[in-house]
Amino acid sequence: MILIDTTEKLQEFCTVLNKQPFITVDSEFIREKTYYPKLCLLQLGYDGGAAIVDPLAEGLNLTPFFSILDNPEIIKVFHSGRQDIEIFYNLTGKVPQNVFDTQIAAMVCGFPDNIGYGNLVRAVTGVDLDKSCRLTDWSIRPLDTDQLHYALHDVTYLVDCYKFLYDKMQKENRLHWTDEETAALCAESCYKIEPEKAWLRIKHNVHSQRFLSALKYLASWREERAQKYDTPRSGILKDDVLLNIASSFPKTLDELKQVRNLKQEIAKGKLGTEIMEVLQEARRNPLPTEVCRQDRKSEMSVPNHEQSLFEMLRLLLKIKSQENNVSVRLVASDTDLRAIILNQPQNTKVLSGWRYDIFGQAAEHLCKGQLAISYNPKKKCIDVTQI
């Protein structure tokens, strides 16, 4: 096992990685007590070798590895890589170039939605990974041999998974089927957190100008404070408390103290003063009326008389996905089906590209009454026939 704890060792290993067509990447981190995830371990592999990098080692500089992440000629293979990419974005301000996510690729190849790494490894290699170290506190040193072997398996078997999925997708001409999902995974907007937009991520069912103005300013304040002090949002105020404050919109500290689930020490302390200042700002500069009208625009709804068509489209989607051995979730969502019924092609990706070929065209025929779905008792299967 190669354990890298100096910049010189990392540079030497990256020289090897720079010659590879692809590398596998995983990380171990903790974030329970911080706003930003803390990188504790970095696992790197390729077809023929692997190593563990200790980013907590004194004086170690990760720049040689970051250069590889930025190299578009080398494929960076992750499994469910959103959190790993978030870490690298926070450290470098960049999203890795040329990413391949095996969880996304697995859906193209007919594996269950959001398949876990262990299940994918078992399906591809027949190996059952040891999960005994999955709850390790990776910030504690030294790490024992079992922990290091556990971590290394996250990139060694990933090599086999990548090669299997890539070859299968290439043979079936499906490599481009992951383009949109990979682009979404690597969109900088996923990782660049803007405090002024934090309120849009909080679920609620109130849409008055008064409430939304308070919520926007409170959420922005909480986000900025969490970033400044590198502390979890919930460590400042949990979402339910934030919503309760926005709903009651207190004008005084005494009124703030009456807010449900708000701890008295918060209302009486520095946070209480800050909250009242934020609410005063919300009163002075409320959200524009047009923004409030657009907030949480209700999902496209299908008329009652077309609910049966919606269910038939769901059935057709399942049939076509099974026929083509691809994940239903990857082909279309309920929102896509509603857009088809409501004749809103601009709101769906199903009416173009490969999705149109395997499902969109059939969906159009169904909506026009030009498709029949029936059960074939002899073949014990569903027949889909164009009329």
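Residues numbered from 1 in each chain as written. Predicted model: local features only at pLDDT ≥ 70, side-chain atom pairs only at ≥ 80, totals over all residues. Heavy atoms only, no water.

Chemist: Give me the lowdown on the packing of helix α8 (residues 209-229) against helix α13 (residues 270-284), citing residues and values where you can.
Modeler: Running from N to C, α8 and α13 point in directions that differ by 135°, and their axes come no closer than 9 Å. Classified by the interaxial angle, the pair formed by α8 and α13 is oblique. The interaxial crossing formed by α8 with α13 has right-handed handedness. Across the interface between the two elements, S213, A214, Y217, L218, W221, R225 and Y229 from α8 touch K270, L271, E274, I275, V278, L279, E281 and A282 from α13. Partitioned by chemical class, the residues of the contact of α8 with α13 number 10 nonpolar, 1 polar and 4 charged. (Axes fitted to C-alpha atoms, helices over the stretch in contact; angles between N-to-C directions. Helix = DSSP H or I, 4+ residues; strand = E, 2+ residues; numbered from the N terminus. Parallel < 35°, antiparallel > 145°, perpendicular 65-115°, else oblique. Left-handed = near helix turned anticlockwise from the far one by under 90°. Contact = heavy atoms within 4.5 Å. Nonpolar A, V, L, I, M, F, W, Y, C, P; charged D, E, K, R; others polar.)

Chemist: Report on α13, specifying residues and quantitative values.
Modeler: A rise of 1.5 Å per residue sets the reference length of α13, with its 15 residues, at 21 Å; its end C-alpha atoms lie 22 Å apart and thus fit the reference within 8%. Of the positions making up α13, those classed as buried are L271, G272, E274, I275, M276, V278, L279 and A282. Where α13 is buried, its residues touch α8, α9 (233-236), α10 (239-248), α11 (253-257) and α12 (264-268). (Expected span 1.5 Å × (residues − 1). Buried < 20%, exposed > 50% of the residue type's maximum accessible area, 1.4 Å probe, protein only.)

Chemist: For the nonpolar core, give the residues involved together with the corresponding values.
Modeler: In this structure, F100, L165, L313, V331 and F359 are the most contacted members of the largest nonpolar core, which totals 43 residues. For V331, the residues in contact, after removing those within four places along its chain, are L317, S321, V326, V350, W354, R355, I358 and F359. Counting residues in hydrophobic clusters, the runner-up holds 33 residues, among them W199, L215, L271 and C292. (Core = buried A, V, L, I, M, F, W, Y, C linked by side-chain atoms within 4.5 Å.)

Chemist: Just give me the short version of the packing of aromatic side chains, but keep the residues and values in it.
Modeler: If you walk through the whole model with that rule in mind, you get 13 aromatic pairs. For the pair F65 and F66, a centre-to-centre distance of 6.0 Å together with 45° between the ring planes defines the contact as tilted. As far as the burial class goes, F65 and F66 line up, both buried. Arranged with centres 6.1 Å apart and planes meeting at 15°, the rings of W138 and Y150 form a pair that is stacked. With a gap of 12 residues between them, W138 in the loop between α5 (117-125) and α6 (145-171) and Y150 in helix α6 connect regions that are remote in the sequence. (Phe/Tyr/Trp six-rings, centres within 6.5 Å; stacked < 30°, edge-to-face > 60°.)

Chemist: Describe the packing of α8 against α10, naming the residues involved and giving the relevant values.
Modeler: For the pair α8 and α10, interaxial distance at closest approach is 8 Å and the crossing angle is 140°. Between α8 and α10, the interaxial angle falls into the category oblique. For α8 against α10, the interelement crossing comes out right-handed. Between α8 and α10, the contacting residues are R210, F211, A214, L215, L218, A219 and R222 on the first element and D239, L242, L243, I245, A246, S247 and S248 on the second. Partitioned by chemical class, the residues of the contact of α8 with α10 number 9 nonpolar, 2 polar and 3 charged.

Chemist: Residue-level account of the pattern of salt bridges, with values.
Modeler: By the definition in use, this model includes 21 salt bridges. Between R141 and D54 there is a salt bridge whose closest N-O contact spans 2.7 Å. Of the two residues, R141 sits in the loop between α5 and α6 while D54 sits in the loop between β4 (49-53) and α2 (63-69), which places them 87 residues apart along the sequence. By relative accessible area, which is 13% here, D54 ends up buried. (Salt bridge = Lys/Arg side-chain N within 4 Å of Asp/Glu carboxyl O.)

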